[in-house]
Amino acid sequence: MIPFVEKRDDQVFMTRGRGYAFPLHLHAHVELVYIDKGSLDITVGEQHRRLEAGQMAFICPHQTHSYDTPLNDNRITAAVISLALLRDYMNILHNHHLANPFLEQHLIHPNIPYALDQLYTEYKAQGRLEIYQPFIQLILARILEVSPLNANSGTEHQQTVWRIADYVNRHYHDNITLDKMAKDLNINKYRLSRLFSDIFGQNFPTYVNNLRLAYACNLLTGSDYSITNVSEESGFGSLRTFFRVFRNKYGMTPQAYRKQQNHQTTCNASNKIVPAE
């Protein structure tokens, strides 16, 4: 299952399937995550929740967020939507965020999962943007009628957080270094290093490698790329480095991880109950 990566230029990106894991990041789109089955750990800003089936999260532009899948069989539907498609809601969501980004099941109008299903069907069929928009408008209308908004603070510190996260998310596929990042952002290297630890709770190399590993895992389970291509696409400088970092994180090789995940998918499919005719 390949999650949204901030380098994308798509106005709409959707995915549906098992798992959904990505380290702390942000982007300039709105993001909706609906739990079809199982559960998902989500952090949005300073708020953290484990969402269960029938619940959802709504992330506004430039909000830091992360995902982690507990050890269960789950299915997630996620949509990442450009502000350009939000029409009347564009200015509202550019300048505000939900006071509580997590929606309980009783607050989710039946229109929302229906519209998400229709939106995903059109997306898979490569439908036109003008077909997407009514479903997007319906989802937003139903969410905002039950969700109070807070104005974005726009403090200097928050702006710095956005700049740092945005830079890393756009460049982690490349040969990114703390020195180059400090120079490009015009921030003192040592201050940047401290900010990084404060914001993300880990040092710069660890965070960048975790981003690359998250992307690599999704390529391993959601594509037929060779291991070499996965390593290159994820931003690792060499196959040897990729194997070392991957084994340190997951305790197995990328090949073993792919085989394990594919085996779980096959088992889940074979255990489905087929209704009697």
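Thresholds applied
- Residues numbered from 1 in each chain as written.
- Predicted model: local features only at pLDDT ≥ 70, side-chain atom pairs only at ≥ 80, totals over all residues.
- Heavy atoms only, no water.
- Helix = DSSP H or I, 4+ residues; strand = E, 2+ residues; numbered from the N terminus.
- Buried < 20%, exposed > 50% of the residue type's maximum accessible area, 1.4 Å probe, protein only.
- Contact = heavy atoms within 4.5 Å.
- Phe/Tyr/Trp six-rings, centres within 6.5 Å; stacked < 30°, edge-to-face > 60°.
- Lys NZ or Arg CZ within 6 Å of the ring centre and 35° of its normal.
- Pairing = 2+ DSSP bridges.
- Axes fitted to C-alpha atoms, helices over the stretch in contact; angles between N-to-C directions.

Chemist: Please provide a residue-by-residue account of the environment of Ile35, values included.
Modeler: Here Ile35 shows up in strand E3 (residues 30-37). On the basis of relative accessibility, which here comes to 0%, the residue Ile35 falls in the buried class. Sequence separation between Ile35 and Met56 is 21 residues; the distance between their C-alpha atoms is 6.0 Å. In this view, Ile35 contacts Leu40, Leu51, Glu52, Ala53, Gly54, Gln55, Arg75 and Ile76; residues no more than four positions away in its chain are not counted.

Chemist: So, the packing of aromatic side chains: which residues are in play, and what are the values?
Modeler: Here the structure, examined in full by the defined rule, presents 9 aromatic pairs. Aromatic pair Phe196 and Phe204: ring centres 5.3 Å apart, planes at 80°, arrangement edge-to-face. By relative accessible area, Phe196 is classed as buried at 0%. Each ring, one from Tyr250 and one from Tyr257, has its centre 5.6 Å from the other, and the planes form 45°; the classification is tilted. According to the relative accessible area criterion, Tyr250 is partly exposed, its value standing at 28%. We note Arg16 situated over the ring of Tyr120; from NZ or CZ to the ring centre the distance is 4.7 Å.

Chemist: Residue-level account of the sheet that holds strand E8 (residues 75-81), with values.
Modeler: In space, the 5 strands of this open sheet follow the order E1-E8-E3-E6-E10, with antiparallel pairing throughout. Looking at which strands have only one partner, the edges of the open sheet turn out to be strand E1 (12-17) and strand E10 (102-103). Note: E1 against E8, 6 bridges, orientation antiparallel. Among the inter-strand pairings, Thr15 is bridged to a residue of E8, identified as Ala78. Contacts between helix H2 (residues 111-124) and the sheet are confined to E1, E3, strand E6 (56-59) and E8, with E1 contributing the most and set at about 105° to the helix.

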